[in-house]
Amino acid sequence: MGGNRSFDVLVIGSGASGLAAAVSAERAGARVALATKGALQSCNSAKAQGGIQAAFGEDDSPEIHAEDVWRSSHETADRRLVGILTAEAPSAIHWLEGFGVEFTRENGGYRLARCGGASRKRLLQVGDRTGLAITTALREAFEGSSGTAFPKSPLTELERIASGWRARCGEHVIEAGTVVLAAGGRCFREAKERGELSTNHPGATGEVTQIAVELGAESRDLDALQYHPNGGAWPATMQGYSIPETTRAYGAVLLNAEGEEFTDSLGARDEVSQAIFDEVDKGKGVETEDGRPAVYLDTTRIAETDAEVSLPYMLRRYRAGGIDPLAEPVLTYPVLHYQNGGLVIDEHGETTVDGLYAAGEIAGGTHGRNRMMGNSLLECTVFGRRAGRAAAERALA
């Protein structure tokens, strides 16, 4: 049954950013509604395997982390947002731990890995299911709160009214003082239109971004879509799977058909992806059994102890398909993965439209035109928290 419902804050999307926003808004005293296109569990964030960055190493700092982000973005990121992202990273980790997320530890501290584009070891993980651990913890926190969920209720209309906003979400009409958009990007739709593979959940189709733009929200870098360098190429059951980049953090390297290394395997994502494209174009790639282009990712160089701790899900998936990554290299090729750009936001996650906030992949600026691995879940947490809190404060003012 439909009908009008009234709340202080309406959050659109149930990935890590939406859940962080909803939990933060509710804890700030707001009456919160969370509406999502599919089931509450359905999101890209839950598929994120690699980890989340935060400067905990003795040789690291938020400032060094920020410089790595700036360099990886090719100096296109919003430095104000980058500074917030990296400065609040350690507290974001502790905030997640407060909800029960248990990051892998060793020697009395966090187990840290160096990821592509990073100059220090700062990637924290929960095995290779970090996104699942974070979204599960935040979803359980939301479900245990006073918030109201509207699953299978996609946003189709959003209009300003005297008291804030009126939204049509599926068969529901919801009024709220403020709205937080956390509906992710569009890479699933884009890949389908291009006839390519994507790592994305089928719900990543970008309609909410378009709704915001039509309301007057400014955007940036929407043309900058990112390829994950290591999409699974074979067996067929692994196509569209993002092989964790931590494979390379723990020693795997990219090889051409002749067994030669042809790029810095710990380079920035766009550079590594382009190097693979170029190597294949030179005729130095290999073909999968179904005729797709690929190169080798030599995972045999990963120590078994590292794989068992940090890559257990990857091992299970490949072994189920008859391939042992520790005994033979796997075939890989870049796969469409992430929308780097999005809606322009300020430090509180507010768009250029008053009372309309955005967080996560739908927002632009934090990564510029090229995102580092491990900063997506971090962005979702840092700016989801900020947007939810700011939206609540504005609605309750």
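Okay, so let's go over this structure. (Residues numbered from 1 in each chain as written. Predicted model: local features only at pLDDT ≥ 70, side-chain atom pairs only at ≥ 80, totals over all residues. Heavy atoms only, no water.)

### Description of helix α1 (residues 16–27)
The end-to-end C-alpha distance of α1, which contains 12 residues, comes to 16 Å, matching closely the 16 Å that a straight helix rising 1.5 Å per residue would cover. Summarising burial for α1: 11 of the 12 residues are buried, a large majority. Taken together, the buried positions of α1 are occupied by A16, S17, G18, L19, A20, A21, A22, V23, S24, A25 and E26. G29 lies just past α1 and shows a positive phi near 100°. (Helix = DSSP H or I, 4+ residues; strand = E, 2+ residues; numbered from the N terminus. Expected span 1.5 Å × (residues − 1). Buried < 20%, exposed > 50% of the residue type's maximum accessible area, 1.4 Å probe, protein only.)

### With respect to the sheet that holds strand β11 (residues 219–220)
In spatial order, the strands read β11-β17-β19; together these three strands make up an open sheet with mixed pairing. Of all strands in the sheet, those bounded by a partner on one side alone are β11 and β19 (363–364). Note: strand β17 (residues 342–344) against β19, two bridges, orientation parallel. Across the sheet, V344 pairs through a bridge with G364, a residue of β19. (Pairing = 2+ DSSP bridges.)

### Considering the side chain of Q49
Relative to the assigned elements, Q49 resides in the loop between β2 (32–35) and β3 (52–53). At a separation of 2.6 Å, a polar atom in the side chain of Q49 contacts the main-chain carbonyl oxygen of S242. Once residues lying within four places of it in the same chain are set aside, the contact partners of Q49 are G127, D128, R129, T130, Y241, S242, P244 and Y313. (Polar contact = N/O pair within 3.5 Å; in protein donor to acceptor, adjacent residues only side chain to side chain. Contact = heavy atoms within 4.5 Å.)

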